[in-house]
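What follows is the residue order along each chain.
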Amino acid sequence: MIKKIISDSGANVLHLDDASFENIPLTIHVDGTDYQDDASLSVNEFIEALHQNDGKTSTACPSIAQWQKAFEGADEIYVITITSVLSGSYNSAVQAASLYREDHPKTKIHVIDSLSAGPEMELIIDKLKELIDAGLNFDEICAKINAYKEKTHLNFALESLDNLAKNGRISPAVAKVAKMLKIRIIGRPEDGKLTPIGKARGAKKTISYLIKDMEEHGFSNGRVIIAHILNEEGANNLKQTILDKHPEASVEIRNARGLCTYYAQKGGLMVGYEA
């Protein structure tokens, strides 16, 4: 029996060791150029394209056909998508699953709306692999992963708001002032919407704010994944500060891929953690 995990590129995962896994890329439109968020994407070149672009940008979710192709050959399928508030990826996957079952009635498919992005999705993916490796059946895995999702959270800290301003999500004047004053915007998903919850001036205050909010939402020596966008120093400082306060925690640092880079931009930090 083939059990497969499939994620869109809202997670920064291209492959899983010793697991049947597939990444379905979203497409990012920048100044007339389409960037596929897959293994061929150069994040550095993509960041430069975003920096040079003065116009609007957009994203396109995977098609129903892309999802259906990824389903082929598997008996049990577990799908995890970026929050449905930001993308149509979840709805596309749900429609694909419904159509696929019509021709493959024995195939079992569970589609999960992460209501999040990046490293929180990665935690869910890793947990799915753990549950599959433990030999649980489909219904057990679905129940346990749904329960686990309630225990995971995401925080983010943005150094640049330029792309959000270009897309009309915030005022260009606000983005300019924040850049001048070196103000970082801190946020988290609320009902699937990536929502600012505060601001901090400087790296140390940003880290302090992030950890304080994590603790207020139940973090204590759990698992943490930090995704950064060309900000390895900030990620390492955050990791060390977490371990200083929570020495039993498991903290990993990973590089963000295209979609997370698009939203968090250069210097951004995204923190997925277990409560």
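Now for a quick tour of the structure. (Residues numbered from 1 in each chain as written. Predicted model: local features only at pLDDT ≥ 70, side-chain atom pairs only at ≥ 80, totals over all residues. Heavy atoms only, no water.)

## With respect to the packing of aromatic side chains
Turning to step 1, where the next piece is worked out: For the coordinates displayed, the defined rule picks out 5 aromatic pairs.
Turning to step 2, where the next piece is worked out: Between F71 and Y100, the aromatic rings sit 5.4 Å apart at their centres with planes inclined by 75 degrees, giving edge-to-face as the arrangement. Highlighted residues: F71 in helix α2 (residues 64-71) and Y100 in helix α3 (residues 89-103), separated in sequence by 29 residues.
Turning to step 3, where the next piece is worked out: The exposure class of F71 is buried, given its relative accessible area of 0%.
Turning to step 4, where the next piece is worked out: According to the relative accessible area criterion, Y100 is buried, its value standing at 6%. (Phe/Tyr/Trp six-rings, centres within 6.5 Å; stacked < 30°, edge-to-face > 60°. Helix = DSSP H or I, 4+ residues; strand = E, 2+ residues; numbered from the N terminus. Buried < 20%, exposed > 50% of the residue type's maximum accessible area, 1.4 Å probe, protein only.)

## A closer look at the nonpolar core
Turning to step 1, where the next piece is worked out: By size, the foremost hydrophobic cluster in this structure holds 46 residues, and its most contacted members are I125, L128 and M270.
Turning to step 2, where the next piece is worked out: Breaking this core down by element, the ones donating at least two residues are β3 (27-30), α1 (43-52), β6 (76-81), α4 (119-133), α5 (138-149), β8 (152-158), β11 (223-228) and α10 (258-264).
Turning to step 3, where the next piece is worked out: Top contributing element to this core by residue count: α4, with 7 residues.
Turning to step 4, where the next piece is worked out: Apart from residues lying up to four places away in sequence, L128 is in contact with I5, Y78, I112, I141 and I145.
Turning to step 5, where the next piece is worked out: The next biggest cluster of nonpolar side chains, apart from the first, holds 18 residues, and it includes A200, L238, V251 and V271. (Core = buried A, V, L, I, M, F, W, Y, C linked by side-chain atoms within 4.5 Å. Contact = heavy atoms within 4.5 Å.)

## Observations regarding the sheet that holds strand β4 (residues 33-36)
Turning to step 1, where the next piece is worked out: The 3 strands lie next to each other as β4-β3-β5, forming an open sheet whose pairing is antiparallel. Looking at which strands have only one partner, the edges of the open sheet turn out to be β4 and β5 (57-60). Each neighbouring strand pair of the sheet contributes to a mean axis angle of 25 degrees, computed without reference to strand direction.
Turning to step 2, where the next piece is worked out: Pairing of β3 with β5 involves 4 bridges; the strand directions are antiparallel. Among the inter-strand pairings, H29 is bridged to a residue of β5, identified as S58.
Turning to step 3, where the next piece is worked out: Set on the sheet, α1 makes contact with β3, β4 and β5; between it and β3 the angle comes to about 40 degrees. (Pairing = 2+ DSSP bridges. Axes fitted to C-alpha atoms, helices over the stretch in contact; angles between N-to-C directions.)

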